[in-house]
Amino acid sequence: MVDAFIYDAVRTPRGKGKTVGALHEVPPVRLAAHVLNGLRERSELDTALVDDVVFGVVSPIGEQGADIARVAVLHAGWDDRVAGVQVNRFCASGLEAVNLAAAKVMAGQSEAAVGGGVESMSRVPIQSDGGAWAADPQVAFQTYFVPQGVSADLIATKYGYSRADADNLAVRSQQLAGEATRRGYFRNSLLPVFDQTGTLLLDYDELQRPETTLEDLAGLRPSFETMGRDMGYDSVALQRYPEVERIEHIHHPGNSSGIVDGAAAVLIGNGDFATSLGRKPRARIVSFATAGTEPAIMLTGPAPATEKALKKAGMSVADIDLFEVNEAFASVVLRFMDVLDVPTEKVNVNGGAIALGHPLGATGAMLIATLLDELERRGLSTGLVTLCVGAGMGIATVIERV
Amino acid sequence: MIEYQVGQDGVAVIVWNMRDHPTNILCDESEQAFADAVERALGDDRVIGIVITSAKKEFMAGADLDRFLGMTEPADLQGISEKCHRMFRRLETGGKPVVAALNGSAFGGGYELALSCHHRIAADLSDLRLGLTEVTLGLLPGGGGTQRLSRLIGFQAALPLLLEGRRVDVTTALKLGMIDEVVLKEQLLEAAKSWIASSPEPSNPWDRKGFVPPGGFPDEPRNTFAFAAANALTHEKTHGNYPAPVAILSCVYEGGSSPSLDVGLRAEAKYFAGLGGGAVAQNLIRTSFFAINRARKIRNRPKEVAPAQLHKVGILGAGMMGSGIAYETAQAGFHTPLLDTRQELADQGRHYSAALLEKQVHQGRLDPDQAGQILQRIQPTTDFSELAGSDLVIEAVYENRAVKEDVIQRAAAQIADDKVFASNTSTLPISGLARYYKKPDRFIGLHFFSPVEKMRLVEVIRGEQTSDECLAHALDYVKAIRKIPIVVNDRRGFYTSRVFSTYTEEGMALLREGVNPALIENAGKMCGMPVGPLQVSDEVSLELMYKVRKQEQVDEGARFRPSIGFEVLRHMVEDLGRLGRKAEKGFYDYAGGRRLWSGLRETYPLADAQPDVEEIKQRLLTIQAIETARCLQENVITSATDADVGSLLGWGFPAWTGGTLSYIDTIGVRAFNDFSRKCADRFGERYAPPDWLLEKEKRGERIHKR
């Protein structure tokens, strides 16, 4: 098998996913083209060398629909011969895109490919694309469909994470992200976004509140309590997990991932590509894996996906220097650390989506960029990115600096 | 059966008038006659439009249910639905404007017929109701109802009607868009004809180009959230035990998302095919419809006895039960002395009715004058002589033999020998109490359930000496107050309390086995019981349950064998002082919201291996079915149908099962006995099937005929 290397990784800052967000005015195709152009400029890339662009989008409809990857390639002015494909594995879409690009290289079918993702949640809101899973009665009954927030609360209830546990994790995320921003740890991968007139729109992750305290969070009301109670979802969750007496709703906006806009792209190539590009690779993609898990509790996939990826790599948890575990909800990270016995000091060392936001289709690729920067900064070698995924999946990718 | 008339105005009036039936229904003959009439109108060039109405009080009651009982072939059921679709489709697309002139209520197939017309006018009658009620019988509207209603008023408005089988009055129907006009009954035909005279488009909106239902098609992304919630709420309510609501949701989602009505109808017929023959639909039709209706009409009343002349019904004891019984009795028009030891207690009992009546007046459901009249019939008193002239006296005093003896004897002095005395006891043997009465053959048990005004069942307990006439007159009273009776013989716990107690006992048995209490409670709810066994025990009161068993211990002496939960009750009550809901300390804690008591884990440590929830569900239903079978064996109850009805209405045994004995048929007698025998080996003899049931198994018989 051919080795797949990461030559570079870039991302936009994350803008608040609302109309007041700094990136709201930017259509998603422009965000996507922006990160492609960032790659081109930083690596002085002859885009004709790239075989394919794989982009993750979770709500691929409206202006994010119709194969935005290929359209972004064209919009960025890349060589016409570069193809593009949009993929959707819910929250893992961005990492899935990276893995697929890597897989093309590993399989010897591409010399170089781009993996990335984009999501303008302010312009194309989450769940804009409908789908059979929640709505089709046969499917919803069969899978005990509940919204992710209820699943996250179910994890907390079943495995005994309290609101205080979750809030502690959230405050930690805010503090670490604030510190990383202040010290410029994100600067290497971050491409400021400008408008048509050349005016800067955003050059930092907009959502953060580094001064957040436990007391601040204590005042927030649970996000999924009313929905769980009044729309039947708690009962559905209990029917699937009857050993649980009731769902304790511990998640709220302060300990769940934020809604943001953003894009990211990772340039991947084989060993020979270094010569054509005239640059050295930054890391090797060691292994990756996806895992399916029970869909009602839904968000327990990171641990089994990680185990699979590590097994393929012939590594153990202890061999990984740093982890990026997407902070979709606090309980997801808490559960992951418990199952695999991962020390907190190695996890999300610069904060996570609770502080920075989770631009669905882009997040996985963004985390690759963040992880690689931090491994380089600390002089460490191995890292792992993992995300929980809707409908009961998990994804993980192991990288190693070269 | 179907009358047909064309007037000078060129309007064909098709009148449903099934003389051999109490109401108009869709059956093979009526469908054929109706289809012929439609063809006649469509084929007649003079006819410019069609009005469909009925000559009976109701427009149409729906489909002939006898047709579905025992029909299990999906292909046959699909055929029935498709035939109906063709008939209605022909009417709808025949090219002439069609009006439904709803002179009375229309349910199921009746309202589906109206839906396939181009215009619906209802008579302004306060008792006129419209609805697609099939779901209550485990069916779905198979005559296009899922498709046309969701297209007509939008799926969001249609789903509650379809999923709950709601019957709505004309005001609501008009507001929802289920009908287009409401007119005085006398003007119905005229209004229908004038609509036809306005030369309307002879088609329905869904057959026109570019049609979009109100709120959009169900599968549009904007509707995902609403549909997901409808799914979850249905899942919450049915716990997966009722296939019909899911099938209805799917008809609306899959079929309703097609721009083609015909495609939608096809989906509906296929889902209908899968439902009708299913055990749940058969159970609901057999018990919830036929059996309860028969019981309501007191079909097994001794026929040779002349009807009771009831004018005055005295109630002894103005507590919770007595007050409720007085309310129902006064409602039915009887003069109702309500007696207690102190005047203020009796007054309080009357106030119970006053509050209930006031609430109804406030909600606009009852005329204030009527409410006043009802209340006036209740006469609170402390004087036994007020009972004089009563046709029936019911005692609902404290559940204590000495207290009962006293009031029975004091009342007896006021009651004529040929009248009836009834006791509302739920625990004391009737034949024993009858001895305190001067005429034991005129003594009977009338066991009401709490809250009386909501619970429809009355368990009628026949003592050893109770005469046929006494029984017949008691049943006449039950019918008069519009309750539903079952007749049982006099054994400890009678039928309902005895069987229901096995549910709570089994919850305690599971607790002793080390099963996770949350799992026990969820299993109870998931199999369809209204509340988990531990919660309901708390509500009944652990202290009371313990007392009843201790009384039994005293009564039975050496023969007493402690029930499986006896030790749990003793421990909870005596050692731990956890008396139940009222004390705010039982299996649950109640301060700051109901939660399982954390100390349960130490008292009954969890076993290492926890059973599957399916096994617990099955145990909780099986133990009740076994006990019912034993009641039948011991002649406590004499009819399997009464057993079923009593279980549904008495303690909320899940309707999907058809009742405690229908449940055995649902599982299959052999499979049921196999499971029971396995449980008997593992958990105790209480699961051993009685001989009667073994005999059924040997003969390969069902309990109920198909």
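Along every chain, residues carry numbers that run from 1 in the direction the sequence is written. Both sets of labels track the order of writing: A upward for chains, 1 upward for ligands. Local features in this predicted model are restricted to residues of pLDDT 70 or higher, and side-chain atom pairs are both shown and tallied only at a pLDDT of 80 or more, whereas totals for entire chains, interfaces and linings draw on every residue. The basis for every side-chain value is the complete set of heavy atoms in the structure, and neither hydrogens nor water enter the calculation.

1. A word on the packing of aromatic side chains
At step 1: Ring geometry is summarised as follows: Phe, Tyr and Trp rings, the Trp one being its six-membered ring, pair when their centres sit within 6.5 Å, and such pairs are stacked at plane angles under 30 degrees, edge-to-face over 60 and tilted between the two. For the structure on display, the rule yields 24 aromatic pairs over all chains.
At step 2: For the pair tyrosine 546 of chain B and phenylalanine 566 of chain B, a centre-to-centre distance of 5.8 Å together with 45° between the ring planes defines the contact as tilted. Remark: phenylalanine 566 of chain B occurs in helix H22 (residues 566-575) and tyrosine 546 of chain B occurs in helix H21 (residues 542-556); sequence separation between them is 20 residues. Each of the two residues, tyrosine 546 of chain B as well as phenylalanine 566 of chain B, counts as buried.
At step 3: Clustering of aromatic rings is evident, with ring pairs tying together Phe90, Trp133, Phe145 and Tyr233 of chain A.
At step 4: Lysine and arginine charges are scored as sitting over a ring when NZ or CZ, respectively, is within 6 Å of the ring centre and within 35 degrees of the ring normal. Over the face of the ring belonging to phenylalanine 107 of chain B we find arginine 167 of chain B, whose NZ or CZ atom lies 4.2 Å from the ring centre.
At step 5: Here the basic side chain of arginine 578 of chain B rests over the ring of tryptophan 597 of chain B, its NZ or CZ set 4.0 Å away from the ring centre. Helix numbers and strand numbers start at the N terminus; a helix is a DSSP run of H or I with at least 4 residues, a strand a run of E with at least 2. Relative accessibility decides the category of a residue: with a 1.4 Å probe and only protein chains considered, values under 20% of the type maximum give buried, values over 50% give exposed, and everything between is partly exposed.

2. Describing the sheet that holds strand S4 (residues 49-54) of chain B
Residues and elements named next belong to chain B.
At step 1: The rule for pairing is simple: two strands pair if DSSP sees at least two bridges between them. In space, the six strands of this open sheet follow the order S1-S2-S4-S6-S8-S10, with mixed pairing throughout. Two strands bound the open sheet, and with one partner strand each, they are strand S1 (2-6) and strand S10 (181-183). On average, each strand axis in the sheet is inclined to that of its neighbour by 20°, with strand direction left out of account.
At step 2: With four bridges joining them, strand S6 (residues 98-102) and strand S8 (residues 119-123) adopt parallel strand pairing. Residue valine 99 lies in a different strand from S8, and its bridge partner there is histidine 119.
At step 3: Only heavy atoms matter for contacts: two residues are in contact if any of them lie within 4.5 Å across the pair. Lines fitted to C-alpha atoms define the axes, with helix axes restricted to the stretch in contact, and inter-axis angles between N-to-C directions lie between 0 and 180 degrees. Against the sheet, helix H3 (residues 109-116) touches strand S2 (11-16), S4, S6 and S8, its axis set at about 130° to S8.

3. Comments concerning the pairing of strand S5 (residues 112-120) of chain A
Residue and element names in this part refer to chain A.
At step 1: The buried fraction of S5 amounts to nine of the nine residues, a majority that puts the element mostly inside the structure.
At step 2: Alternating positions in S5 separate into two faces, Ala112, Val114, Gly116, Val118 and Ser120 on one and Ala113, Gly115, Gly117 and Glu119 on the other, with burial throughout.
At step 3: Two strands pair when backbone bridges link them, and strand S3 (residues 52-56) and S5 are joined in this way by five bridges, in the parallel orientation. Bridging across to S5, phenylalanine 55 finds its partner in glycine 116.

4. Focus on the pattern of salt bridges
At step 1: The term salt bridge refers to a pairing of a side-chain nitrogen on Lys or Arg with a carboxyl oxygen on Asp or Glu at a separation within 4 Å. For the structure on display, the rule yields 73 salt bridges over all chains.
At step 2: Shared partners join several salt bridges into a network, and the residues in it are Asp8, Arg42, Arg282, Asp373 and Glu376 of chain A.

5. Regarding the sheet that holds strand S11 (residues 313-316) of chain B
All names here are of chain B.
At step 1: Overall, mixed pairing links the eight strands, which are arranged S13-S12-S11-S14-S15-S16-S17-S18 in an open sheet. Taken across any chain shown, the strands that pair with only one partner, and hence form the sheet edges, are strand S13 (378-381) and strand S18 (484-489). Going from strand to strand, the sheet's axes swing by 25° on average, the running direction of each strand aside.
At step 2: Two elements, strand S16 (residues 443-448) and strand S17 (residues 457-462), share four bridges in a ladder whose sense is antiparallel. Paired with histidine 447 across the strands is glutamate 459, a residue of S17.
At step 3: Docked against the sheet, helix H15 (residues 401-412) engages S11, strand S14 (392-395), strand S15 (420-423) and S16, running at close to 165° with respect to S15.

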